[in-house]
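Observations on chain architecture
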Number of protein chains: 2
Amino acid sequence: MDICTALEQLRALQQRQYAYYHAMTILELDGATAAPRDTARGRGVAMGILAGEKHKLLSGEEVGKLLSFLKERKEELDFLTRRQVEELDRSYVQLSRIPAEEYMDYSRLLSEASEEWRRAKEENDFPAFRPALEQIVAYNRKFARYYDPDKRPYDALLGEYERGMTMDILDGFFATLRAGLVPLLRKVAAAPAPDMGCTAGHFPVEEQRRLSDELMAVLGLDRAHCAIAESEHPFTTNANNKDVRITTHYYEEDFLSSMYSVIHEGGHALYELGVADELQYTCLAGGVSMGIHESQSRFYENIIGRSKPFLTALLPRLQACFPGRLSGLGAEELYRAVNRVEPSLIRTEADELTYSLHVMVRYELEKKLIAGEMEVGDVPEAWNALYREYLGVEVPDDRQGCLQDSHWSGGSFGYFPSYALGSAYGAQMLDAMEKDVDVWGGVGRGDLSQVNAWLREKIHRHGSSLTPAQVLENACGAPFDPKYYLDYLTKKYSDLYRL
Amino acid sequence: MDICTALEQLRALQQRQYAYYHAMTILELDGATAAPRDTARGRGVAMGILAGEKHKLLSGEEVGKLLSFLKERKEELDFLTRRQVEELDRSYVQLSRIPAEEYMDYSRLLSEASEEWRRAKEENDFPAFRPALEQIVAYNRKFARYYDPDKRPYDALLGEYERGMTMDILDGFFATLRAGLVPLLRKVAAAPAPDMGCTAGHFPVEEQRRLSDELMAVLGLDRAHCAIAESEHPFTTNANNKDVRITTHYYEEDFLSSMYSVIHEGGHALYELGVADELQYTCLAGGVSMGIHESQSRFYENIIGRSKPFLTALLPRLQACFPGRLSGLGAEELYRAVNRVEPSLIRTEADELTYSLHVMVRYELEKKLIAGEMEVGDVPEAWNALYREYLGVEVPDDRQGCLQDSHWSGGSFGYFPSYALGSAYGAQMLDAMEKDVDVWGGVGRGDLSQVNAWLREKIHRHGSSLTPAQVLENACGAPFDPKYYLDYLTKKYSDLYRL
């Protein structure tokens, strides 16, 4: 084998991976948006086979030889090729450690567990879900060893979602946050609450669709490369940097729900649209981690989308979309309404200030479960105790408690912290951005071009060619520091609640 | 190898084929309906690879051995398995002649050509589409040799859409048709034309969407397994018999256009939904040929959908969908309006009587292009000349001329004749059906259940387990005979125009 042949094989391998990825992405999107209701079975048959084929691509002996050959010639490879080899090799090693039998059993378990979780949640019956969750925890503990035998198991799992993330970093991060947020929250709770009535009304889907178009235009999303569809739960997916899709869900009595979904998913979409062309069809094509991805979505949703300048610029457009309903509304009133703080039970509906506390509950439980320091049977009680401690709310039942999220039934342990990390990354990016450009002047005119350009240059274009920590440090000129997030929240909410 | 292992391999092979087919079907659907405008390139890369992988499935040496093994044990196989082996073996022989590289390049070309055609049509710019079309014609001429080196190239292409169809048969069929239709058309043209003003008005897309829902209900389409979307050119596609999609296109000044698209595509959909479960995930799963497929779509569109009993039953629903606009309309008036004969420019909007003449234009051009007797650059002029000769109309621009159909950009040469054949098959089926059930009594009550049941039993359930000729003869008790079609048209239009 010569180096040119090897490079061509490397390119072809990644392009084949891309083809399977593209197909599965669009099949999943189709299933959640356009497909008729009772079509899951046939799609499942196809998806199972495509996933198996994609898996096979990286598990053959020939791929091992190709990667070895290229690793030995590291010095001759350009930066991006070296990074591709590193990433592929990492996956190859992981896959080769997981016995095919266990992988199959685990896949089967997960597909059953999803169904059991759905039923358990519906019937508020945690014990019915418990055996499946016990097995999932056991598999995750075992797989953590395959992923990285040198790390503590939960660190290995964290690394799957955020390369380099550890309990040490997260413990520090969450301790800082908790120390700052809990007293702040107490003060906010004692202050008078803003009025939500000012945004009430009936908002037909057709009108909300026009608002979505307006929002996508304001965000600078290129509709020739980014479409919007409707699904039960909003999400973003992408086939490549020229083909990105967001979804939303419309509630006719609440236009804010879809509005903030569109802005949130729009942030994810801008990230994927901004990845450099040269990374397409390689394993470095997508956003680098869940944390960096959430930094983008939550930056647009909260830092921009819930700011007074943005809302001031948006208000006339809102009033034009919903004639006669928001005519008496002022920007200050809207600003206070969309930032109303209220400790609650459900993570996905939480406000910006309490959101991280929901994440911490899950983090604390996951750490103990994966370390083997807690029984699955003790989860509900521990969950409820932590909600009481962090958020000051009583959990009335497991449906609104430890059964609310789908993540564990899907096998995702180590994923939740990304949500809080993303928010914190975003605040640090804002600080750096403000030094470079006139963020709020532009936003106040409804012009996000400078914000978009900064993020594209500093974050988006790198795709997965840098690690999450490199991306952040590269953009901000300093390593991750949670103080920016705490400062941002303290300033915003002290001002909002006149503390 | 024992027979059980071989049968299991046969099953797995077809299921893997299904997975690729499912993925490519949905990617194509997505491209035509939900995808953002400028996304063809990445989709083309993925489709090219998936097509290549599907191609590889049937081109390996092992498959050849498997099929040989099973062919030698033909007597031990049940009917369906034997048919699967026959069909797979036919494809195997064909595919083993097509170099994988060419096959992949062609798939990529088609995916890009679709986008180019769309833009060329929009901008009335045939020269922009010409290079892609030249390549597609060249591939088709080459592939025709691979399909069947013993046949004339265009015969080989015809056989891909309608097994056993040849230019000799079609030349005869079209000659018969023209001999009967031209004098009839002359008489019709001399008779007073019905008034189209009675269906004029403004019909917002939202209201037309509701009409589509009504029509799908009347047709008996199960919405849990059949969805409707919107695309430039209406079509039907299916992943399996539980997942079928139709599309339509709405024009706000003309509700009849989408109405008849929905009925037409609904006929295709009923066929696919009616294929037997036992054929799913095998190579016998879909409708058997384009001709039989068009017999179903055009049966519902014209024979049922443009009949007086159907329109009588539908009229109150139309009036309810478009309040205030069709209130003075009578069933007889509507019947005469939707059957108005008028030589025109656009095939998909042509009346039943002139429709075959549109098909003949395309047939004549395809014959010459594939025989190498005409340059692609000469298509617009030749197209316009044939429209003048057959239909007596002047083509003002290519958008309304040779750029109107998507077929060529999709690589379909030899497909158009199926439309005329399908119409003729349908008339013959009606004659047989009328002997078995009270067709018009049911239709007049808006109840298509007996019609649907007859077609499901006689045609749909067989999928591709019988040949097109067997399906027709099996349903009608006699081989194909164009006289039924001529009789049907002569009777209908003599009556309508009181000749």
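Figured I'd write up the structure that's included with this text. (Residues numbered from 1 in each chain as written. Chains lettered and ligands numbered in written order. Predicted model: local features only at pLDDT ≥ 70, side-chain atom pairs only at ≥ 80, totals over all residues. Heavy atoms only, no water.)

**Some points on the relation of the copies chain A and chain B**
Superposing chain A onto chain B requires a rotation of 172° together with a translation of 1.0 Å along the rotation axis, leaving an RMSD of 1.8 Å. Most of the interface of chain A is mirrored in chain B, where 100% of its interface residues again form contacts. (Least-squares fit on C-alpha atoms with pLDDT ≥ 70 in both. Contact = heavy atoms within 4.5 Å.)

**Let's talk about the pattern of salt bridges**
Two side chains with opposite charge may pair up if their charged atoms get near one another. This model, assessed by the stated rule, comprises 81 salt bridges over all chains. Taking the shortest distance from any N to any O, the salt bridge between Arg245(A) and Asp243(A) comes out at 2.6 Å. Among the residues examined, Arg245(A) registers a relative accessible area of 2% and is labelled buried. A salt bridge links Lys458(B) to Asp436(B), with the shortest nitrogen-to-oxygen separation between them at 3.9 Å. One end of the pair, Lys458(B), is in helix α18 (residues 449-458); the other, Asp436(B), is in helix α16 (residues 417-436), with 22 residues separating them in the sequence. (Salt bridge = Lys/Arg side-chain N within 4 Å of Asp/Glu carboxyl O. Buried < 20%, exposed > 50% of the residue type's maximum accessible area, 1.4 Å probe, protein only. Helix = DSSP H or I, 4+ residues; strand = E, 2+ residues; numbered from the N terminus.)

**Some words on the packing of aromatic side chains**
Aromatic ring pairs are described here by two measures, namely the spacing of the ring centres and the angle between the planes. By the definition in use, this model includes 47 aromatic pairs over all chains. Ring geometry for Tyr20(A) and Tyr20(B): centres 6.2 Å apart, planes at 55°, overall tilted. Residue Tyr20(A) is found in helix α1 (residues 3-33), and its partner Tyr20(B) is found in helix α1 (residues 3-33); the two belong to separate chains. Residues Tyr20(A) and Tyr20(B) agree in their burial class; the two are buried. Look at Phe416(A) and Tyr419(A): their rings are 6.3 Å apart centre to centre, the planes differ by 45°, and that puts the pair in the tilted class. Classification of Phe416(A) by relative accessible area gives buried; the value is 1%. (Phe/Tyr/Trp six-rings, centres within 6.5 Å; stacked < 30°, edge-to-face > 60°.)

**Observations regarding the environment of Asn124(B)**
Residue and element names in this part refer to chain B. Turning to its location among the elements, Asn 124 is positioned in the loop between α5 (100-122) and α6 (126-147). Sequence separation between Asn 124 and Thr 166 is 42 residues, and the spatial gap between their C-alpha atoms is 34 Å. Setting aside residues up to four positions removed in sequence, Asn 124 forms contacts with Asp 397, Asp 398, Arg 399 and Leu 403. Separated by 3.1 Å, the side chain of Asn 124 and the backbone nitrogen of Asp 398 make a polar contact. (Polar contact = N/O pair within 3.5 Å; in protein donor to acceptor, adjacent residues only side chain to side chain.)

**Comments concerning the side chain of Asn339(A)**
All names here are of chain A. Along the chain, Asn 339 falls in the loop between α13 (331-338) and α14 (355-371). Taking relative accessible area as the criterion, Asn 339 reaches 1% and is therefore assigned buried. Here the side chain of Asn 339 touches Arg 306 through a polar contact of 3.0 Å, landing on its backbone oxygen. Once residues within four sequence positions are removed from consideration, Asn 339 is found in contact with Arg 306, Glu 352, Lys 492, Tyr 493, Leu 496 and Tyr 497.

**Topic: unusual backbone geometry**
The residue Tyr281(A) is not glycine, and still its phi comes out positive at about 65°. By the element assignment, Tyr281(A) lies in the loop between α10 (255-274) and α11 (290-304). Even without a glycine there, the phi angle at Arg498(B) is positive, about 45°.

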